[in-house]
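# Close look at the chain arrangement
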Amino acid sequence: MKRLMMIFLTLMLCTALICPVLAEGSVSIALSESSLVIGTGGKVKLEVATESTEKLKYTWESTDKKIASVDAKGTVAGVKPGEATITCSAVLGKEVVATAACTVTVYTSVKTVKMKAPDKTLFVNKPVQMEVTVTPDDAAYQKLVWSSSDESVATVDENGVVAAHLPGKVKITCATDQPNQPKAITADAQFTVKQPVEAIEADATAVVLWLADTVPDQPDTVEINIEVLPENADNRKVNWITSDKNIAEVKNGKITAKKAGGCLVTVMAADGAGTRADIDVIVLSPYTYKINADALKDAGVAFTADEVKAAETAAAIVQAAQDRLAETENESRSIMLNHFVRAAAANGKAFLTGTADDEAVPVTVVMYDDQGNCALLSYDPVWGTVYFSAARSINETFTQVPVDASAFTPADGQ
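One structure accompanies this document, and this report is about it. Since this is a predicted model, take the numbers as computed values, not measurements. (Residues numbered from 1 in each chain as written. Predicted model: local features only at pLDDT ≥ 70, side-chain atom pairs only at ≥ 80, totals over all residues. Heavy atoms only, no water.)

### Re the overall build of the protein
A tally of helices and strands in the protein yields five helices and 33 strands. Within the span of the protein, comprising 414 residues, buried residues form 39% of the whole. For the protein, the proportion of contacts with a sequence separation of at least 24, taken over those separated by at least 6, is 58%. (Helix = DSSP H or I, 4+ residues; strand = E, 2+ residues; numbered from the N terminus. Buried < 20%, exposed > 50% of the residue type's maximum accessible area, 1.4 Å probe, protein only. Contact = heavy atoms within 4.5 Å.)

This is how it looks when you write it as structure tokens:
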């Protein structure tokens, strides 16, 4: 009996030595993250820390594997957007002696970034907005980080606007900035920076021509001289363009009248930077122009009643028109108006019709030049405005009517 008792006590002692009994709460563990934000397809390994000297084993589980999964080593993988809890359990023998949890929020990750540049050439001092497409559309972190390979050549701001500074070559890169993604998704584009034409200075901004062989000593052509700046522009060539070749043709700066009317001649820098100079062209012919009232209101220059005083004299209306055209820097109309003012002052063919009260018809100044062309300045007391009939597009404003010279003599009382 004593021998059996000794054996039993010996077994009990061995068990106590091999499987020590731990007091509750004596083991604790902590995870490297208590909360985690991770993208779909992303992975983050959670580390376990403990002060226990026991030989612990760890098991891992997720409350929703369809949102975030975890493997036996604690590597968490984002599956689809949502929230899940990852729990780590410390096991001693067969008993769980401590746990720690991490809340995981999964967001939709960016999959692709594509950059589209308007052109592979950049011009100094001409900012360009880069176009970027990020997929999928519902990606959570679409803001990009921009960088330049050489900021002395070109810089790029946080919105992808590139500013070129010096001629040279440069690479512009954009990259994603997503939490807990091991590698950014990037897109880039290579550019050549050139010095553009920054200004085209023409020796005229408006010209008046006459149809060939209609008026002696009046020009039907004109040569426009230009200066292209700066001198170190990479491409200083220009293109000459007319808005209506039926009215005026242009070749290498020579403008030739073709038909009565108005058009715009443009000198455009050939480098593609968009620098231009415009020349208003008015072509006259020996015809009088009958005003088209509806088109005139659309195309005319308006003045208030205060600006034309009481509009009692032709001089008052003419002066108001000249002042306003000078203020608005409408040089083509100024040239046309001054042409008729000078001609009418010399030949005396300027007339005033109507009065400036609310009961009367509009006051009109009619002026003729020596070739039988007619211009009108009309004051409307109801609207309190003055309209000048010389618009850029003369054909839209007037109906051309050939007349005999005797028709230019006003009736008695005008």
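### Looking at the pattern of salt bridges
Side chains that carry opposite charge are capable of pairing whenever their charged atoms lie near each other. The final tally for this structure, using the stated rule, is three salt bridges. The shortest N-O distance in the salt bridge between Lys258 and Glu249 comes to 3.8 Å. Here Lys258 falls in the partly exposed class, since its relative accessible area comes to 43%. According to the relative accessible area criterion, Glu249 is partly exposed, its value standing at 39%. Of the charged contacts, one joins Arg276 and Asp278 as a salt bridge, the two residues approaching to 3.0 Å between their closest N and O atoms. Residue Arg276 is classed as partly exposed on the basis of its relative accessible area of 42%. (Salt bridge = Lys/Arg side-chain N within 4 Å of Asp/Glu carboxyl O.)

### Looking at the pairing of strand 14 (residues 144–148)
Alternating positions in strand 14 separate cleanly, Leu144, Trp146 and Ser148 being buried on one face and Val145 and Ser147 remaining unburied on the opposite face. As paired elements, strand 14 and strand 17 (residues 168–176) share five bridges and run antiparallel to each other. Looking at strand 17, one finds that Ser148 is bridged to Ile172. (Pairing = 2+ DSSP bridges.)

### Here's the deal with the nonpolar core
If you look at the biggest cluster of nonpolar residues, it comprises 24 residues, and the most contacted ones within it are Met130, Trp146 and Phe191. Looking at this core, the elements with two or more residues in it are strand 10 (112–116), strand 14, strand 15 (154–156), strand 16 (161–164), strand 17 and strand 18 (186–194). Of all the elements, strand 18 adds the most residues to this core, at four residues. Trp146 has contacts with Met115, Met130, Val132, Val156, Asp157, Glu158, Asn159, Gly160, Ile172, Thr173 and Cys174, leaving out every residue within four places of it along the chain. (Core = buried A, V, L, I, M, F, W, Y, C linked by side-chain atoms within 4.5 Å.)

### Observations regarding the sheet that holds strand 6 (residues 68–70)
Sheet architecture is open: three strands sit in the order 3-7-6, paired in antiparallel fashion. Here the strands that pair on one side only, and so sit at the sheet edges, are strand 3 (43–45) and strand 6. The average angle at which neighbouring strand axes cross in this sheet is 20 degrees, direction not considered. The pairing of strand 6 with strand 7 (residues 75–78) spans three bridges and is antiparallel. Its bridge partner being in strand 7, Val70 is matched across the sheet by Val76. (Axes fitted to C-alpha atoms, helices over the stretch in contact; angles between N-to-C directions.)

### Regarding the sheet that holds strand 25 (residues 254–257)
Spatially, three strands are ordered 21-25-24 in an open sheet, and the strand pairing comes out antiparallel. If you trace the sheet from one side to the other, it starts and ends with strand 21 (221–223) and strand 24 (248–251), each paired once. Each adjacent strand pair in this sheet contributes to an overall mean axis angle of 15 degrees, direction not counted. The pairing of strand 24 with strand 25 spans four bridges and is classified as antiparallel. Within strand 25, the residue paired with Lys251 across the bridge is Lys254.

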